[in-house]
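Here is what each chain is made of, one letter per residue.
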Amino acid sequence: MAQWEVVGGIDTGGILVREGQALNSPKAPERLSTGALVEEVELLGDRLHYRLVKGTGPQEGWVSTSVSGKRLLEPHAAAPEPAAPAAVPAAAAAAEPAPAEPERGTAQAEEAAASGPGSRPAENTYAEWMSGYLEALGAGRITGRSPGPPPRDQEGLREDADFEARRKAAQAAHDKPKETETKPLPPWIQLSSVDVKKVANDTLNGDMYGLPVPPTLAKLEKRGATWFTQAFRKSGAISKDNAVAEVVNFYRLPVQGKDSAGGAGPKAFIKVKWKVDAKDLHKELFVKMPWACDGSTKEEGCDPYYRWKCSCTADYEAQEARIYRFLGPIFPFKIPKYYFADICRQNTNYILITEKVQFGKKGKTDSRPYEVLPCAAKLLDFELEPRQRYEMYYCLLRAQARMAAWDKNGFFDIVDPQIRGLEMAPPPLGSFEWPVKRDEKMQKLKAGTAEKTVARYREWLEDHGRNLYPKKHLDPKFLEAFYAMLTDVTPFLDILNLYNSLFPDMVAMQHPNLQADNGFFWRTSSGEMDCGLIDWGGASPKHFVSVMNGCLSGCEGSILDEHEDGFLQCFVDEYYKECGIKLDFSEVRRQWWLSYAANMAYQATQIEMEIYREVPREEWAGVTSMDDPKFMGKWVVRCTGLMIAKSLEYLYIRWARGGQRRLHVHDAFLEWKEYWEQHGMC
């Protein structure tokens, strides 16, 4: 009989073993050790039924011979190689779904983890790949349009029954936006910080439904059941013969402290009593409003700076209202039921009311199938059960891929372009000059911004914030490699952002801030994790990889290191399955590294604008840990400080493994920069 040697799982104590061929079959209690020798009983695709010959682990079981392109077992001695898959073009090879690989979920996440980090080598140099890409682009073979999903019976594509049920529900609701009376919102007015303070406390009629929009939670609470009845009748959430008989409870969520409910504005839970109960009406609802400018305290919902930042620097709140009202029912995943939303263009007052997501109690670990798990608090993944710390990111990326693919298929074209956020989309290919050429004065100016970026990090990591991070992550040699990356990358942030627009296949509808706290998760009857999404401000066509930072920046550094390839491959596979566009995995990963480097440069401005605004420099001397209320109790301080911590951990792991030389994201950037400078960029 043929024999195989285990070559994977070096970093995970061996490879995962299951009791049956299926990837959702029970796991064996121990792993099959690296270096073990096994005898082949049966080989079905890339699933091997084995008996142990030498080494440690289960005496018999099923394992994957490869995951995400990396071999976990190799034929031993003269054992025959398994049949090779059909050849595919080099530029698409990494995106081709592997034979018999299921939809990537809980089981697939664990299989991917077993292969260890950094498992997929680049198939060619950047220069080689880009030359081929530009040729295809010039020949019209890259269009940004979907060729249509591949056949459902194509080998390697496995269907998820729960997702297929969601697909049917979305298809059944597809024509409803056409039946909804709508008018375009007036243009967004970009008020100054001074102007918004003058008008934010006025009660004006909203531009969607014409009802008065209360400027604060306190004034909303005073309006009581009558206002809610009018609002829900206007939106169609209830019929004209139904009403809110009573507001039973109005509970404001905390805006400070570790349990803060977010930074976009004050929020509340309300409990209502309906005149006529119905199965589709929720008694517990969620309310979101912008920060007030009425002179009250932060705890009461007042923060003029963040009111300006959230309402007056982008049209995110109006977009959130449109998403919930029109697109939510036809998304390829669940979002909370819409009850009411409106916005006043003249003063930016805004209100959103949806069903309340019934999160499980914090610390609960025995949830039933389809019962929502405890809330994943922003950037506090370490409080979750170990499996959820990585499984939820596969869920989120799969949801993003499905939404992008359905957008490419034209499924969301049923609604007006304004509702789809096309005004926020990146510039289309052909509308800008490329490569970018900057004069000497601009180059010097950009070099100056790099010096400021490094100086901000030096001050934070080596002075005010030095007590917050592990000493090894502040190793002078590592920090110098980090600063060297920032020095090179920062002058090119605007060009890197524009570069994304060269890839029309990689721009479609995305959630721009999909960290784990903006999802709600449950396990299906088969044990797989699934999710719904919330917090839709700014959702619009975006470059996929650039917004992955809005998702994976919340991931623990060690988890990202271990699952990075699996996360990216999950997106690539699901996107192909739903719209038929094959993305090159190596280029997706390269762009991810470029985006990651750029995001680290961006965080330097957050140190100045967020951390020191909330806690001035002179107050950091006595802060010795992240548990200090000045860190954990301040939402924006915690967010910026923890994102830096997770990034340092991830970068340090890769730096140490790579021989303590340049950061791997720095190498990716230098290769990119060298190519484009040779082609005229300056």
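Only a predicted model underlies this, so the values are computations on that prediction, with no experimental measurement involved.

Asker: I'm lost on the packing of aromatic side chains in this one. Help?
Answerer: Aromatic ring pairs are reported here in terms of the distance separating the ring centres and the angle at which the planes meet. Here the structure, examined in full by the defined rule, presents 46 aromatic pairs. A centroid spacing of 5.0 Å and a plane angle of 65° characterise the contact between Trp-406 and Phe-411, whose relative ring orientation is edge-to-face. A single burial state applies to Trp-406 and to Phe-411, both of which are buried. Here the aromatic cluster, defined as three or more aromatic residues joined through ring pairs, consists of Tyr-126, Trp-129, Tyr-133, Trp-434, Phe-492, Tyr-499, Phe-503, Phe-669, Trp-672, Tyr-675 and Trp-676.

Asker: Help me understand the sheet that holds strand 10 (residues 244–252), please; the structure alone is not making it clear to me.
Answerer: Pairing between the strands of a sheet comes from backbone hydrogen bonds, and it takes one of two forms, parallel or antiparallel. With antiparallel pairing, 5 strands are arranged side by side in an open sheet as 10-11-12-14-13. In this open sheet, the two strands that pair with only one neighbour each are strand 10 and strand 13 (338–343). Taking the axes of each pair of neighbouring strands and ignoring which way they run, one obtains an average angle of 20° across the sheet. In this fold helix 7 (residues 217–235) packs onto strand 10, strand 11 (267–274), strand 12 (284–288), strand 13 and strand 14 (350–355), with an angle of close to 135° to the strand it touches most, strand 10.

Asker: Looking at this structure, I do not really get the state of the cysteines. What am I missing?
Answerer: Tallying each qualifying case throughout the model produces 0 disulfides. For Cys-531, which is in no disulfide, the shortest distance to another cysteine sulfur is to Cys-395 and amounts to 4.9 Å. Residue Cys-551 stays outside any disulfide, its sulfur separated by 8.2 Å from that of Cys-555, the closest cysteine. Given a relative accessible area of 1%, Cys-551 falls into the buried group.

Asker: Explain unusual backbone geometry here, please?
Answerer: Among all residues except glycine, the phi angle is most often negative; among peptide bonds, the trans geometry is most common. A cis amide bond links Trp-434 with the next residue in sequence, Pro-435, at an omega value of 0°. Mapped onto the elements of the fold, Pro-435 is located in the loop between helix 10 (388–408) and helix 11 (440–464). Backbone geometry places Thr-348, a non-glycine residue, at a positive phi of 70°. The residue Thr-348 is located in the loop between strand 13 and strand 14 in this model. Positive phi, close to 75°, is recorded for Tyr-370, a residue that is not glycine. Along the polypeptide, Tyr-370 turns up in the loop between strand 14 and helix 10. By relative accessible area, which is 39% here, Tyr-370 ends up partly exposed.

Asker: In this structure, what is going on with the domain arrangement of the protein chain? I would like to understand it.
Answerer: How large an interface is tends to be reported as the accessible area lost when its parts come together. Looking at the assigned domains, one finds that the protein chain contains domain 1 (3–76), domain 2 (193–356) and domain 3 (396–679). Between the C-alpha centres of domain 2 and domain 3 there is a distance of 30 Å. Around 2,700 Å² of area is buried between domain 2 and domain 3 when both sides are counted, 64% of it from carbon and sulfur atoms. Where domain 2 touches domain 3, the interface holds 3 salt bridges. Linking domain 2 with domain 3 are 11 residue pairs in polar contact (both at pLDDT 80 or more). For the side of domain 2 that touches domain 3, the elements supplying multiple residues, two or more each, are helix 8 (304–311) and helix 9 (316–327). Element by element, the count of residues in the side of domain 2 that touches domain 3 is highest for helix 9, at 8 residues. Partitioned by chemical class, the residues of the side of domain 2 that touches domain 3 number 13 nonpolar, 6 polar and 9 charged.

Asker: Explain the sheet that holds strand 1 (residues 3–6) here, please?
Answerer: Read across the sheet, 5 strands follow the order 4-3-2-1-7 without closing on themselves; strand pairing throughout is antiparallel. Bordering the open sheet on either side are strand 4 (60–64) and strand 7 (73–75), each of which pairs with just one other strand. Taken pair by pair, the neighbouring strands of this sheet meet at an average axis angle of 45°, ignoring direction. Inspection of the sheet shows strand 1 paired to strand 7 by 3 bridges, in the antiparallel sense. By the bridge assignment, Trp-4 is partnered in strand 7 with Pro-75.

Asker: For this particular structure, what's the right way to read helix 12 (residues 476–489)?
Answerer: For an α-helix the count is 3.6 residues per turn, leaving residues at separations of three or four pointing the same way. With 14 residues, helix 12 extends 20 Å between its outermost C-alpha atoms, agreeing within 8% with the 20 Å of an ideal straight helix rising 1.5 Å per residue. Of all the positions in helix 12, only Phe-478, Leu-479, Ala-481, Phe-482, Tyr-483, Met-485, Leu-486 and Val-489 are classed as buried. Packed against the buried residues of helix 12 are helix 11, helix 13 (493–499), helix 16 (585–614), helix 18 (635–657) and helix 19 (664–678). Of the residues flanking the start of helix 12, the one acting as N-cap is Asp-475, its side-chain oxygen 2.7 Å from the backbone nitrogen of Lys-477.

What counts as what
Residues numbered from 1 in each chain as written. Predicted model: local features only at pLDDT ≥ 70, side-chain atom pairs only at ≥ 80, totals over all residues. Heavy atoms only, no water. Phe/Tyr/Trp six-rings, centres within 6.5 Å; stacked < 30°, edge-to-face > 60°. Buried < 20%, exposed > 50% of the residue type's maximum accessible area, 1.4 Å probe, protein only. Pairing = 2+ DSSP bridges. Helix = DSSP H or I, 4+ residues; strand = E, 2+ residues; numbered from the N terminus. Axes fitted to C-alpha atoms, helices over the stretch in contact; angles between N-to-C directions. Contact = heavy atoms within 4.5 Å. Disulfide = S-S within 2.5 Å. Domains from an automatic or database assignment. Buried area = accessible area lost by both parts, 1.4 Å probe. Salt bridge = Lys/Arg side-chain N within 4 Å of Asp/Glu carboxyl O. Polar contact = N/O pair within 3.5 Å; in protein donor to acceptor, adjacent residues only side chain to side chain. Nonpolar A, V, L, I, M, F, W, Y, C, P; charged D, E, K, R; others polar. Expected span 1.5 Å × (residues − 1).

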